[in-house]
Amino acid sequence: MPGVPELSPTEFSKRWPAYASGVEVVLLDVREQFEIEMAALRAAVHIPMREIPARLTELNRDTPLVVMCHSGGRSRKVAEFLLGNGFSQVFNLRGGIDAWSTEIDPHVPRY
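What you see is a predicted model; the values in this text were computed from it and never measured.

Novice: How should the environment of lysine 77 be read in this particular structure?
Specialist: Looking at the secondary structure, you find lysine 77 in helix H3 (residues 73-84). Since its relative accessible area comes to 54%, lysine 77 is described here as exposed. In the structure, lysine 77 is positioned 28 residues away from methionine 49 in sequence and 8.9 Å away in space, judged by C-alpha atoms.

Novice: Is there a simple way to explain the sheet that holds strand E4 (residues 65-68) in this structure?
Specialist: Ordered by their spatial adjacency, 5 strands build an open sheet running E1-E5-E4-E2-E3, and the pairing between neighbours is parallel. Each edge of the sheet is formed by a strand with only one pairing partner; in this case those strands are strand E1 (6-7) and strand E3 (45-46). Here E4 runs beside strand E5 (residues 90-93); their pairing, made up of 3 bridges, is parallel. Paired with valine 67 across the strands is asparagine 92, a residue of E5. The sheet strands contacting H3 are E1, strand E2 (26-29), E4 and E5, and the helix crosses E5 at an angle near 175°.

Novice: Would you mind showing me how to read the nonpolar core here?
Specialist: Note that soluble globular proteins tend to have their nonpolar side chains buried in a common cluster. In this structure, Leu28, Val30, Ile52, Leu59, Val67, Leu82 and Phe87 are the most contacted members of the largest nonpolar core, which totals 16 residues. Where this core is concerned, the elements lending two or more residues are E2, E4 and H3. For this core, the element with the highest residue contribution is H3, accounting for 3 residues. Sequence-distant contacts of leucine 82, that is, excluding residues within four places in its chain, are made with Leu28, Ile52, Leu56, Leu59, Leu65, Val67, Phe87 and Val90. Core analysis: the next-biggest nonpolar cluster, separate from the first, contains 15 residues, Phe12, Val25, Ala39 and Val108 among them.

Rules and cut-offs
Residues numbered from 1 in each chain as written. Predicted model: local features only at pLDDT ≥ 70, side-chain atom pairs only at ≥ 80, totals over all residues. Heavy atoms only, no water. Helix = DSSP H or I, 4+ residues; strand = E, 2+ residues; numbered from the N terminus. Buried < 20%, exposed > 50% of the residue type's maximum accessible area, 1.4 Å probe, protein only. Pairing = 2+ DSSP bridges. Contact = heavy atoms within 4.5 Å. Axes fitted to C-alpha atoms, helices over the stretch in contact; angles between N-to-C directions. Core = buried A, V, L, I, M, F, W, Y, C linked by side-chain atoms within 4.5 Å.

Structure (structure tokens):
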């Protein structure tokens, strides 16, 4: 299987400037609830990593998915899982929400 394509937060927001609508792309946050409570992006769909296999039907296979976590490790694993389960338009958000805080929105807390 080829590697998971990655996008920096800056590349993501340039590619999908209207991402908050959720129409062109889904930003999938796979962090745990306690992490969401510390820092979150309102437009993201939250499904914790451990729940992804049981909740695949909630994700649209025809819409690009950009998977994020805190720094990019868990999201890469989820992206690989999604690609292996029939999703074709899957990207990893390189650096996760931490990079989002430094590149896009300094008001998003870092932890």
